[in-house]
Amino acid sequence: MPSTKSRTIPPLRVSEQLRADAESVLVPGETLSAFVMDAVSRTIDFRKSQRDFVARGMASAERSRKEGSYVPAAKVLAGLRKRLANAQRAHK
């Protein structure tokens, strides 16, 4: 059962410049604590999204390999290079 008590994030030692930079971008009425909380929350959301994106990509690649429809990156890149070269020749 999860605890209903709130927890704290460990305090961080930062340079005077980093703290001054953080304070310089606070909106009126915003505290440094609220700014840090927002940054932590956004980073958590971003990393979860990034992890899920990679997992979906890996699963898709695995399905493609099993189905025999997987195209190696080298082949895709070679095709793109060929298309680029053709387009560049056509524009000359």
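In this report, we go over the structure that sits alongside the text. Just so you know, the residues in each chain are numbered from 1, in the order the chain's sequence is written. Given that this is a predicted model, residues contribute local features only at a pLDDT of at least 70 and side-chain atom pairs are listed and counted only at 80 or more, while totals for whole chains, interfaces and linings are drawn from all residues. In computing side-chain values, all of the structure's heavy atoms are included and hydrogens and water are not.

### Side note on the overall build of the protein
Okay, step 1: Looking only at helices and strands, the protein has three helices and zero strands in total.
Okay, step 2: Only DSSP runs of H or I reaching four residues or more are called helices, and only runs of E reaching two or more are called strands; each is numbered from the N terminus. Starting at the N terminus and walking to the C terminus, you meet the elements of the protein as α-α-α.
Okay, step 3: Expected size for 92 residues packed as a compact globule is a radius of gyration near 12 Å; at 24 Å, the protein overshoots this value by more than 25%.
Okay, step 4: Projected onto its principal axes, the C-alpha coordinates of the protein cover approximately 60 × 50 × 25 Å.
Okay, step 5: Buried residues in the protein amount to 3% of all 92 residues.
Okay, step 6: Measuring between centres, the 18 positive side-chain charges of the protein sit 14 Å from its 9 negative side-chain charges. Radius of gyration: C-alpha atoms only; globule rule: 2.2 Å multiplied by the number of residues to the exponent 0.38. Burial classes: relative accessible area under 20% of the type maximum marks a residue as buried, over 50% as exposed, and values in between as partly exposed (1.4 Å probe, protein chains only). In this tally, Lys and Arg are treated as positive and Asp and Glu as negative; His is ignored, and so are the chain termini. To locate a charge, the coordinates of NZ of Lys, CZ of Arg, CG of Asp or CD of Glu are taken.

### Remarks on the pattern of salt bridges
Okay, step 1: Only one rule defines a salt bridge in this text: a Lys or Arg side-chain nitrogen within 4 Å of an Asp or Glu carboxyl oxygen. Going through the model one piece at a time under the given rule, you end up with four salt bridges.
Okay, step 2: Among the ionic pairs, Asp38 bridges to Arg42, the shortest N-O distance being 2.8 Å. Placement of both Asp38 and Arg42 in helix H2 (residues 32-67) is noted, with a separation of four residues, approximately one turn of the helix.
Okay, step 3: Asp38 sits in the partly exposed class, given a relative accessible area of 33%.
Okay, step 4: Put simply, Asp52 and Arg51 hold a salt bridge, and the shortest N to O gap is 3.7 Å.
Okay, step 5: Judged by relative accessible area, Asp52 falls into the partly exposed class, the value being 36%.
Okay, step 6: Assessed through its relative accessible area of 53%, Arg51 is described here as exposed.

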